[in-house]
Amino acid sequence: MSDIRWKTFWLGLSLLGASLIIWAAKSLVAALIFLCIALVIYIVNHLYWLHQLQIWLKTPSLNEVPDGRGVWAIIFSGLFQHQRKNSRAEVELVTALEGFQRATSALPDGVVVLNHRDEIEWCNPPAELLLGLDASKDTNQPIQNLVRYAEFISYLQSKNYGDPIIVKSARNIETTLQIQLIVFGTAQKLLICRNISAQEKIDTMRRDFIANVSHELRTPLTVVGGFLETLVDTKDAVTESTRTYFDLMINQTARMRLIIEDLLTLSRIESNNEVPSVSVINMSTLLTMIQNDATALSNGKHTIHLDAEDSLNIKGSREELLSAFTNLVSNAVRYTPEGGDITIHWQLKNKHAVFSVSDTGIGIEERHIARLTERFYRVDNGRSRDTGGTGLGLAIVKHILGRHKAKLEVKSTLGKGSTFSITFPQSRTVSERNKEAA
Ligand code: ADP
């Protein structure tokens with residue numbers, strides 16, 4: 001830019017100098033005429049190059065940037081550099097985009113890019129195959145018009161894309177699809193679709209195997225346990241010196257039966273794909289029942305409080321939720337030393353029903369908390385066994401909650417106690433207060 005300023009300055013100075021010389025040599029009139037002619041030429045020259053610029057701007061092409069004269073040569077050279085930089089960036093962008101499209105096309109997962117109106121911008125071949133889309137025809141079509149699974153439409157509308165959804169493919173009943181939405185940029189979405197049929201098959205085989213083994217073991221164990229008890233009860237059948245061994249055998253078979261019952265419960269819940277009932281559970285009677293059971297289990301060793309909100313109920317499977325709540329309460333009793341307090345809370349928090357159990361028990365170290373819902377994960381094996389634990393209680397709770405779209409939260413301080421809370425989704429919460437707020 002400084003070049004332009006200098007050039008203009010020197011041109012002006014030269015014109016002024018020439019005019020002064022003409023004035024001195026001839027007359028003032030001659031000098032003024034010279035100045036006028038020079039200015040007209042100057043303006044016409046600018047108008048000409050402005051016109052060239054206007055023509056070029058209509059179809060700006062790198063090869064057709066005008067040469068220009070004087071200051072215009074500097075301006076057009078600047079434009080040429082700028083244009084060259086832009087076209088280089090454009091080539092790089094196109095190459096990157098093509099690379100991205102080639103990479104996503106090679107992915108085994110289906111990828112669909114949606115704009116802020118949930119219309120298809122682009123999709124890769126696996127997405128066409130898995131979701132029945134046609135990239136050439138379906139671009140700019142709303143995704144909900146083409147992917148019509150009820151679960152997907154409510155997932156898309158929920159705006160809560162934390163967890164993927166699983167649907168049975170409408171094109172092939174044998175195929176199970178996992179669909180996940182990811183928001184990016186300004187309200188654009190990436191839809192990732194995966195065929196998880198093989199994984200499903202392995203899971204089903206594992207579940208069936210555990211269920212079958214547990215089922216097969218139940219009868220022989222019942223028989224062995226029954227005979228052991230009969231033997232112990234039969235006069236003179238067991239000598240005093242061997243009675244301890246028999247008692248131990250009875251205890252161990254009883255424990256194995258509990259484990260088998262829990263394994264069967266777990267595989268029954270896991271293989272149940274039906275959405276849990278949406279009938280309203282009367283929580284008041286259920287909570288009283290849970291409190292009475294806890295009092296019986298505690299056998300007077302703890303104080304059991306119930307702090308429940310009236311007219312707060314939930315929709316779900318009564319049998320399953322009773323099992324989940326009872327598991328948490330019985331854990332609180334089993335892991336709280338004599339004289340401790342256990343409080344069952346049932347409250348509405350931010351429009352969500354929350355069931356929680358607080359105890360003043362042994363507490364759990366932070367590092368164990370994330371793993372508590374794994375099958376057979378115990379912090380203290382001995383204590384779990386001594387109190388009749390199977391190590392499967394919280395795994396059962398997790399599955400029941402998953403089916404009800406509820407979340408489990410554990411807060412605990414070692415040596416002070418724990419709080420296990422279950423938060424239910426708003427859709428399953430039935431409360432007079434929610435109705436008033438609406
Ligand atoms: P278990 O039958 O062993 O109790 P769970 O699956 O119910 O199995 O619980 C897993 C582990 O979590 C338990 O072994 C125990 O170490 C820990 N735990 C569960 N509830 C509590 C609690 N209220 N206080 C302390 N530890 C607990």
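Just so it is clear, the structure is predicted and the values come from calculations on it, not from any experiment.

Cut-offs used in this document
The numbers attached to residues start from 1 for each chain and follow its sequence in the written order. At least 70 in pLDDT is required for a residue's local features to be given in this predicted model, at least 80 for side-chain atom pairs to be given and counted, and no such filter applies to totals for whole chains, interfaces and linings, which use all residues. The side-chain figures draw on all heavy atoms in the structure; neither hydrogens nor water molecules are used. Starting at the N terminus, helices and strands are each numbered in turn, a helix being any DSSP run of H or I of at least four residues and a strand any DSSP run of E of at least two. As a reference, a globule follows 2.2 Å times the number of residues to the power 0.38, and the radius of gyration itself is taken over C-alpha atoms. To sort residues, take the accessible area from a 1.4 Å probe on protein chains only and compare it with the maximum for the residue type: under 20% means buried, over 50% means exposed, and anything in between is partly exposed. In what follows, residue pairs with any heavy atoms lying within 4.5 Å of each other are defined as contacts. Throughout, the Shrake-Rupley method with a 1.4 Å probe supplies accessible areas, and for residues the shown protein chains are the sole cover considered. Charge assignment: positive for Lys and Arg, negative for Asp and Glu; neither His nor the chain ends contribute. Here the site of a charge means NZ on Lys, CZ on Arg, CG on Asp, or CD on Glu. Pairs of strands are assigned from DSSP output, requiring at least two bridges between the strands. Note on definitions: angles span 0 to 180 degrees between N-to-C directions of axes, and those axes are lines fitted to C-alpha atoms, for helices only across the stretch in contact. The term nonpolar core refers to a set of buried residues drawn from Ala, Val, Leu, Ile, Met, Phe, Trp, Tyr and Cys, joined through side-chain atoms within 4.5 Å. Every case where a carboxyl oxygen of Asp or Glu lies within 4 Å of a side-chain nitrogen of Lys or Arg is listed as a salt bridge. Any residue with at least one heavy atom within 4 Å of a molecule or strand is counted as near it. Distance and chemistry together define a polar contact, namely a pair of N or O atoms within 3.5 Å, with one atom able to donate a hydrogen and the other to accept it when in protein, and with adjacent residues in sequence counting only for side-chain atoms on both sides. For this scheme, ten residues count as nonpolar: Ala, Val, Leu, Ile, Met, Phe, Trp, Tyr, Cys and Pro. Four count as charged, namely Asp, Glu, Lys and Arg, and the remainder, Gly too, count as polar. All the domain ranges listed were derived from an automatic or database domain assignment. Summed over both partners, the accessible surface that disappears when two parts come together, traced with a 1.4 Å probe, is what is meant by buried area.

Participant: How would you summarise the overall build of the protein if you had to cite specific residues and measurements?
Facilitator: Within the protein, the regular secondary structure consists of 15 helices and 13 strands. Against the compact-globule benchmark of 22 Å for 438 residues, the protein has a radius of gyration of 40 Å, which places it well outside the compact range. Each principal axis of the C-alpha atoms in the protein carries an extent, and together these give about 150 × 50 × 45 Å. Within the span of the protein, comprising 438 residues, buried residues form 37% of the whole. Across the protein, the fraction of contacts at a sequence separation of at least 24, relative to all contacts at a separation of at least 6, is 58%. Of the roughly 26,500 Å² of accessible surface on the protein, a fraction of 58% belongs to carbon and sulfur atoms. Put simply, the protein has 47 plus and 46 minus side-chain charges, and the middle of one group is 7 Å from the middle of the other.

Participant: Requested: an account of the sheet that holds strand 3 (residues 165–168), with residues and values cited.
Facilitator: Pairing is antiparallel in the open sheet, where 5 strands are placed in the order 2-1-5-4-3. At either end of the open sheet lies a strand with only one pairing partner, and these are strand 2 (120–123) and strand 3. Neighbour-to-neighbour, the strand axes of this sheet turn through a mean angle of 25 degrees, independent of strand direction. Sheet analysis places strand 3 next to strand 4 (residues 176–184), joined by 4 bridges and oriented antiparallel. Residue pairing across strands places Ile165 opposite Ile179, the latter belonging to strand 4. Against the sheet, helix 7 (residues 150–158) engages strand 3, strand 4 and strand 5 (188–195), with an angle of about 15 degrees to strand 4.

Participant: Provide a residue-level description of the nonpolar core, including the pertinent values.
Facilitator: If you look at the biggest cluster of nonpolar residues, it comprises 44 residues, and the most contacted ones within it are Phe325, Trp346, Phe355 and Phe424. At the level of secondary structure, the elements contributing two or more residues to this core comprise helix 9 (240–270), helix 10 (283–298), strand 8 (312–315), helix 11 (318–334), strand 9 (341–349), strand 10 (352–359), helix 14 (393–403) and strand 12 (417–423). Among the elements that make up this core, the one with the highest residue count is helix 11 (8 residues). Those residues within four positions of Phe355 in sequence are excluded, and the remaining contacts are Leu287, Phe325, Leu328, Val329, Ile344, His345, Trp346, Phe420, Ser421, Ile422 and Phe424. Cys123, Ala127, Ile143 and Leu177 belong to the second largest nonpolar core, which has 22 residues in total.

Participant: Summarise the sheet that holds strand 8; cite the residues concerned and give the values.
Facilitator: One open sheet accounts for 3 strands, arranged 6-8-13; its pairing is antiparallel. Edge positions in the sheet fall to strand 6 (280–281) and strand 13 (429–431), since each of these pairs with one other strand and no more. The pairing of strand 8 with strand 13 spans 3 bridges and is antiparallel. Residue pairing for strand 13: Ile314 is matched across the bridge by Thr429. In the packing of helix 10 onto the sheet, contacts are made with strand 6 and strand 8, and the angle to strand 8 comes to roughly 95 degrees.

Participant: Describe the pattern of salt bridges, and please don't skip the residues or the numbers.
Facilitator: Counted according to the given criterion, the structure contains 12 salt bridges. The residue Glu119 makes a salt bridge to Arg117 at a minimum N-O spacing of 3.4 Å. In this structure Glu119 comes out as buried when scored by relative accessible area, which is 16%. We note a salt bridge from Glu270 to Arg375, for which the minimum N-O separation is 2.6 Å. One end of the pair, Glu270, is in helix 9; the other, Arg375, is in the loop between helix 12 (366–369) and helix 13 (381–386), with 105 residues separating them in the sequence. Under the relative-accessibility criterion, Glu270 is labelled buried at 14%.

Participant: Provide a residue-level description of the site of the ligand, including the pertinent values.
Facilitator: Every one of the 21 residues lining the ligand counts as a neighbour, but Asn331, Tyr335, Ser384, Gly391 and Leu394 are closest to it. One of the side-chain N or O atoms of Asp359 is found 2.9 Å from a nitrogen atom in the ligand. Protein coverage of the free-state accessible area of the ligand, which is 530 Å², stands at 98%. Put simply, the parts of the chain that give the shell around the ligand at least two residues each are helix 11, helix 14 and strand 12. Ranked by residue count, the leading element in the shell around the ligand is helix 11, at 3 residues. Among the residues making up the shell around the ligand, the classes are represented as 10 nonpolar, 7 polar and 4 charged.

Participant: Outline the domain arrangement of the protein, listing residues and values.
Facilitator: Split by domain assignment, the protein resolves into domain 1 (2–95), domain 2 (107–195), domain 3 (199–271) and domain 4 (280–437). Taken together, the contact between domain 3 and domain 4 spans 11 residues of the former and 13 residues of the latter. When domain 3 packs against domain 4, the two sides together hide about 1,100 Å² of surface, and 68% of this comes from carbon and sulfur. Per-residue buried area on domain 3 facing domain 4 is highest for Arg255, Leu266 and Ile269; these three make up 50% of the total on that side. Scanning the region where domain 3 abuts domain 4 turns up 1 salt bridge. In this structure, the connection of domain 3 to domain 4 is made through 3 residue pairs in polar contact (both at pLDDT 80 or more).

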